[in-house]
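These are the residues of each chain, in order.
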Amino acid sequence: MATKAEALTQGPAVTDQHEREAVFDIFRRWGYLQASLDPLGQYLPPEPFPTPAPEGELAVEARQYYCGTIAAEFMHIPSPEQRQWLQERIEQKPPKPNQAQILTQLIRADLFEQVIQSRYLGAKRFSLEGITALIPFLDRVFEVGSSLGVTKAMLAMNHRGRLNVMTNTIGRPAREIFTKFEDVDPRSTMGGGDVKYHIGATGDYTSPDGKVISLHLASNPSHLEAIDPVLLGRTRAKQERIGEGGKQQVLPITIHGDAAFAGQGVLAETLNMATLHGYNVGGTLHVIVNNLLGFTANPEESNSSRFSTDIAKRLPIPIFHVNAEDPDAVVRVAAIAAEYRQRFHTDFVVDLIGYRRHGHSEVDDPTVTQPRRYAAIKDHKPLFQIYAEKIGVNPAKEAEAIQLEFLDQQKAATKAERIPKLSELPDYWDKYKGCEFNPADEANTGISAERVGEIVRKITTVPADFHIHPKVKKLFEQRQEMGTGAKPFDYGMAELVAFASLVEEGTLVRLTGQDSQRGTFNQRHSIVVDTETEVRYSPLAHLSEKQGRFEVYNSLLSEAAVLGFEYGFARDYPEALVMWEAQFGDFANGAQIIIDQFIAAGEAKWGLLSGVVMLLPHGYEGQGPEHSSARIERYLQLAANDNIQICQPSTAAQHFHLLRRQVLRPWRKPLIVFTPKSMLRHPDASSPISDFSRDRFLDVLPDNEVQNPRRLLVCSGKIGHNLRVEREKRKDTSVGIIFLEQLYPWPEHQLQAALDQHPGAEEIVWVQEEPANMGAFFYVMPLLRRLARDRAVLSVKRSASATPATGSAKAHDIEERTLVDMALGAAGDR
């Protein structure tokens, strides 16, 4: 206990500290409402504090820290340690930055844009002018990051300023960017390629003390924010390749527009991944290039609150707003953000608030919709001139030299004959290929019955002290019988054997989706739960000491972000089996942007491959419009130039071989698999253990059970089993049934052989469960006619419909019986 003398000495100091904390606490909480953030002074006017604002010397001091050109929102963070760390960084004299370096970077950023404006007038470029402080911001992030262990940085970025960043941050020579404006060698990109401000780029950053960070700006489409989860998936893959310390070494940076950050739902989904076990990347640095406009929309039209960043408050992370016309403040915030991410491994949001000097895409006239703002912008000096005046430097000589450098680079671009390559692939892509499939690249996917039995034993074993659920215990006992050959394999077990066989061979197997650990239809049980402790155990993670990793995660309730993440992961882990599973196949339409822009078109647009697998439960069983069709037609419409694989394996062993094929072949293309629901455990779709030793996946399953049929039915998936069951009931040997297991690439030779096996058949009939305007009908019919050899080609399908399936189970049964009767009996439609 303090003595009386000590108490008398400490009392006033303690009182002063309490008073100081009381005043500062108000400004820490609400100071951001009165910060000076808009360089033009038109938007974001000061707002009164929700509580009375104190006055006096302490308030003046606090206002300097919290109401200047930096506005910090961090008091919503529950961690006292993190709040204290931020307070200490904010409530101190700002460190003196390297102002000469900042000025050079600002000159280069502005003059790069001005040269393009003068030499390529009217061309779209999405200028950075008005927020050129982004360039010194990124440089400072990398400088601090390199001192704290960062060796790789992954960047995602929207259009605004992207070309500038390629040159002044990533380090691509300006002539390469100018060559894109020259649009040389157009024949090399006919039917493919992408616009210049979507292309990715790679380069290196070297710090003043010689540390190097590998930089990668990811390719992305116009669909704003769609790249966010893709970049995080790529980051996670690179981190896992490194292993321990990977999250410290690989830094993800996503650069956003203000209206997109507030408006795009995939951004909210991606934010929610921040601390989830299967998706955590150790923190993402989010940077908003905020020009306070969304094309022609004002802030009040784009977001419902003061800041576009308010959606990030769902997370306990710092949000710093900074006036982009104060470069010293910008680089100070950059250092805080980089250090915080490396220390606490959480997201950090930086809102760079500036303006947009031109219209949305330079060809647009913004004075029509924002006349006052653009009247002010017209007379506003470029940032490098404002900054030079602030620090007392005449930039004319340096600016002239930089402008001449860029002009020389532009002149060199006019003589280019080939499109420059802006990025290099990592070495781990060396043994994989794209383009059209070469049959010489086919792989043997079979394994012996003995090995299957040994795998089954391992993946149905749990520790002796593990309290397994009685139902799961019974399931494991049934699966053990499969391993001995006493019972045929169902889909769930065949799939796990495929996973385990690859893991034993050293392959990383990663599966995510809603309820994927157990399986939506109770079919997988890759993770088992102790009934007393709820501890989870993965038998596939305990196969051998040198095995590959097996990762299966129940995902957040999202399609777009999760599929995007897995696409990205597969982009940087080509030797892995990377899968996303939809709860029901049609739910994938929530991720249509990822499917259209990345999975289907990534190779054609950017020359980038991915082996991601989509598992889409599909089949008509009377469950209604939203739980029947995985929309086969949409994937077939996207298929061209061997860009994707579309398969519907009809047996458990076929599923096994298909999954192994995806890894063992060097051909890296996305694989869309239409998986069963009711057929998961059905005897007709089960496989004997001997089928696992077959050497490969069969693109077509011919009919070897009938001789000289008069009609050949060609179908895919569940309907084929329905037809075979009914044919057996009728003892009808006049109809052959051929299963088309791979829809794309079209297995022409295999299907021709299956048809030629029955030369006496007079009719070939395509049969599908889907309505006439859906399914594979439009795609298959002309291809079948080409193979028919003068035989009639007919079809049986549901009538065209605006919805995939009826909502009535009884109506479904009537329709299904009619389909089967028509296919086995009366003639179909041509």
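Computed from a prediction, not measured in an experiment: that's the story for all the values here.

Caption draft 1: Structural view of the overall build of the protein chain. Regarding its fold elements, the protein chain presents 28 helices and 22 strands. In terms of overall dimensions, the protein chain is globule-like: its C-alpha atoms have a radius of gyration of 31 Å, near the 28 Å expected for 830 residues. Once the C-alpha set of the protein chain is aligned to its principal axes, its extents read approximately 100 × 80 × 50 Å. Taking all 830 residues of the protein chain together, 59% fall into the buried category. Contacts spanning at least 24 positions in sequence make up 82% of the contacts within the protein chain whose residues lie at least 6 apart. Split by element, the accessible area of the protein chain, about 33,200 Å² in all, is 50% carbon and sulfur.

Caption draft 2: Fine view of the packing of helix 26 (residues 748–756) against helix 27 (residues 777–787). It is at 10 Å that the axes of helix 26 and helix 27 come closest, and there the two elements cross at 60 degrees. The angle between the axes of helix 26 and helix 27 places the two elements in the oblique class. At the point where helix 26 passes helix 27, the crossing takes the right-handed sense. In this structure, helix 26 contributes E748, L751, Q752 and L755 to the contact, and helix 27 contributes L784, R786 and L787.

Caption draft 3: Local environment of the sheet that holds strand 22 (residues 792–798). Pairing in this open sheet of five strands is mixed, and the strands run 17-19-18-21-22 from one edge to the other. Lying at the two open borders of the sheet, with one neighbouring strand each, are strand 17 (700–701) and strand 22. Summarising the sheet, strand 17 and strand 19 (residues 735–740) pair through two bridges and their orientation is antiparallel. Bridge assignment links V700 to a residue of strand 19, and that residue is L740.

Caption draft 4: Local environment of the packing of helix 20 (residues 560–571) against helix 21 (residues 592–599). The contact between helix 20 and helix 21 brings their axes to 8 Å, and the two run at 25 degrees. Between helix 20 and helix 21, the angle is such that the two are roughly parallel. Judged by residue contacts, A560, L563, G564 and Y567 of helix 20 engage I594, I595, F598 and I599 from helix 21. Of the residues belonging to the contact of helix 20 with helix 21, the class tally is seven nonpolar, one polar and no charged.

Caption draft 5: Molecular detail of the nonpolar core. Residues L134, F137, F142, I253, M614, L616 and L751 are the most contacted members of the largest nonpolar core, which totals 162 residues. Ranked by residue count, the leading element in this core is helix 13 (residues 327–344), at 11 residues. Those residues in contact with L751 that lie beyond four places of it in its chain are V700, V714, I738, L740, W746, L784 and L787. With 44 residues, the next largest nonpolar core counts I447, M493, V497 and V673 among its residues.

Caption draft 6: A look at the pattern of salt bridges. In total, this model carries 52 salt bridges according to the counting rule given. Here R373 ties to D38 by a salt bridge, and the two come within 3.1 Å at their closest N and O atoms. Of the two residues, R373 sits in helix 14 (residues 371–378) while D38 sits in the loop between helix 1 (4–30) and helix 2 (57–66), which places them 335 residues apart along the sequence. The two residues R373 and D38 agree in class, both being buried. Salt bridges sharing partners connect three or more residues here, namely R236, E240, R510, R549, E551 and E566.

Caption draft 7: Seen up close, the sheet that holds strand 16 (residues 671–675). In space, the seven strands of this open sheet follow the order 12-9-13-14-16-15-20, with mixed pairing throughout. The open sheet is flanked by strand 12 (550–554) and strand 20 (742–744), the only strands paired with a single partner. Strand-to-strand, the axes of this sheet are offset by a mean angle of 20 degrees, without reference to chain direction. The pairing of strand 13 (residues 577–581) with strand 14 (residues 613–617) spans three bridges and is parallel. Among the inter-strand pairings, E581 is bridged to a residue of strand 14, identified as L615. Lying on the sheet, helix 19 (residues 491–504) is in contact with strand 9 (509–513), strand 12, strand 13 and strand 14; it crosses strand 9 at an angle near 140 degrees. Contacts between helix 20 and the sheet are confined to strand 9, strand 13 and strand 14, with strand 13 contributing the most and set at about 170 degrees to the helix.

Caption draft 8: Quick peek at the confidence of the model for the protein chain. For the protein chain, the average pLDDT comes to 94, and 98% of its residues sit at 70 or higher. Per-residue pLDDT stays below 50 along residues 1–11; that stretch engages in zero contacts with residues further than four places along the chain or on separate chains.

Caption draft 9: Fine view of the side chain of N220. Topologically, N220 is positioned in the loop between strand 4 (212–217) and helix 8 (227–242). Within the structure, N220 has its side chain in polar contact with the side chain of R162 (distance 2.5 Å). Once residues lying within four places of it in the same chain are set aside, the contact partners of N220 are M157, R162, D194, H198, I227 and W606.

Caption draft 10: Molecular detail of unusual backbone geometry. Put simply, Y744 and P745 share a cis peptide bond, and its omega is -10 degrees. Positive phi, close to 55 degrees, is recorded for C435, a residue that is not glycine. Of note, C435 is situated in the loop between helix 16 (396–413) and helix 17 (449–459). For N641, which is not a glycine, the phi torsion comes out positive at approximately 55 degrees. Topologically, N641 is positioned in the loop between helix 23 (632–638) and strand 15 (645–647).

Caption draft 11: Local environment of the environment of T309. Along the chain, the position of T309 falls in the loop between helix 12 (299–302) and strand 7 (319–323). We classify T309 as buried; its relative accessible area is 0%. Distance in space between the C-alpha atoms of T309 and A262 is 6.5 Å, their sequence separation being 47 residues. Beyond its immediate stretch of four places on either side in the chain, T309 contacts E73, F261, I288, I319, H321, V349 and D351.

Caption draft 12: Structural view of the pairing of strand 2 (residues 152–157). Within strand 2, five of the six residues are buried, which leaves it mostly tucked inside the rest of the structure. Taken together, the six bridges between strand 2 and strand 5 (residues 250–257) define a ladder with parallel strand orientation. Residue pairing across strands places K152 opposite V250, the latter belonging to strand 5.

Caption draft 13: Main features of helix 28 (residues 809–824). In this model, helix 28 (16 residues) spans 23 Å end to end at C-alpha, consistent with the 22 Å of a helix rising 1.5 Å per residue. All buried positions along helix 28 are accounted for by H812, E816, L819, V820, A823 and L824. For helix 28, the arc enclosing every buried residue in end-on projection is 115 degrees, short of the 170-degree limit, so these residues lie on one face. Opposite the packed face of helix 28, turned more than 90 degrees from it, sit the exposed residues K810 and R817. Residues of helix 28 that are buried in the fold lie against strand 18 (711–715), helix 25 (718–730), strand 19, strand 21 (763–771) and strand 22. For helix 28, the side-chain oxygen to backbone nitrogen distance between the N-cap and K810 is 3.4 Å, and the N-cap itself is S808.

Caption draft 14: Molecular detail of helix 8. In a regular helix each residue adds 1.5 Å, so 16 residues correspond to 22 Å; helix 8 covers 23 Å between its end C-alpha atoms and thus fits that length. Backbone geometry just downstream of helix 8 places G243 in the positive-phi region, at approximately 90 degrees.

Caption draft 15: The packing of aromatic side chains, seen in detail. A full pass over the atoms with the stated rule returns 29 aromatic pairs. Ring plane angle 55 degrees and centroid distance 5.5 Å describe the contact between Y567 and F598, whose orientation is recorded as tilted. In this pair, Y567 sits in helix 20 while F598 sits in helix 21, placing the two residues 31 residues apart along the sequence. An aromatic cluster is built from W85, F320, Y340, F344 and F348, whose rings are joined through pairwise contacts. Positioned over the ring face of Y573 is R241, at 4.5 Å from the centre of the ring. One cation-aromatic arrangement involves R665 over F437; the distance from NZ or CZ to the ring centre is 4.4 Å.

Parameters and conventions
- In this numbering scheme, every chain counts its residues from 1 along its sequence in written order.
- Reporting of local features is limited, given that this is a predicted model, to residues whose pLDDT is at least 70; pairs of side-chain atoms are given and counted only at 80 or more, and all residues count toward the totals for whole chains, interfaces and linings.
- With hydrogens and water excluded, all non-hydrogen atoms of the structure serve as input to the side-chain values.
- Numbered from the N terminus, helices here are DSSP runs of H or I no shorter than four residues, and strands are runs of E no shorter than two.
- Computation of the radius of gyration draws on C-alpha atoms alone. For the globule rule, the value is 2.2 Å times the number of residues to the power 0.38.
- Think of it in three bands: residues with accessible area under 20% of the maximum for their type are buried, residues over 50% are exposed, and the middle band is partly exposed, with areas taken using a 1.4 Å probe on protein chains only.
- What makes two residues a contact is simply this: any of their non-hydrogen atoms within 4.5 Å.
- Accessible surface area values rest on a Shrake-Rupley calculation with a 1.4 Å probe, where residue burial reflects the displayed protein chains alone.
- To get an axis, a line is fitted to the C-alpha atoms, and for a helix only the part in contact is used. The angle between two axes follows their N-to-C directions and goes from 0 to 180 degrees.
- Orientation is classified from the angle alone, with under 35 degrees giving roughly parallel, over 145 giving roughly antiparallel, 65 to 115 giving roughly perpendicular, and any other angle giving oblique.
- Handedness of a helix crossing follows the sense of rotation of the near helix relative to the far helix, less than a right angle counterclockwise being left-handed and clockwise being right-handed.
- A pair of strands is treated as paired once DSSP finds two or more bridges between them.
- Each residue receives one of three labels: charged for Asp, Glu, Lys and Arg, nonpolar for Ala, Val, Leu, Ile, Met, Phe, Trp, Tyr, Cys and Pro, and polar for the others, Gly being one of them.
- The definition of a nonpolar core used throughout is a set of buried Ala, Val, Leu, Ile, Met, Phe, Trp, Tyr and Cys residues joined through side-chain atoms within 4.5 Å.
- Each reported salt bridge corresponds to a side-chain nitrogen of Lys or Arg within 4 Å of a carboxyl oxygen of Asp or Glu.
- A score between 0 and 100, pLDDT records how confident the predictor is in each residue.
- Contacts described as polar in this section are N or O atom pairs within 3.5 Å, which, within protein, must combine one atom able to donate a hydrogen with one able to accept it, while residues neighboring in sequence count only if both atoms come from side chains.
- One less than the number of residues in a helix, times 1.5 Å, gives the span that helix is expected to have.
- As used here, the arc belongs to the directions running from the helix axis to the C-beta atoms.
- Any two rings among Phe, Tyr and Trp, with Trp reduced to its six-membered ring, count as a pair given centres within 6.5 Å; such a pair is stacked if its planes are under 30 degrees apart, edge-to-face if over 60, and tilted if neither.
- Cation placement over rings: the criterion is NZ of Lys or CZ of Arg within 6 Å of the ring centroid and within 35° of the ring normal.

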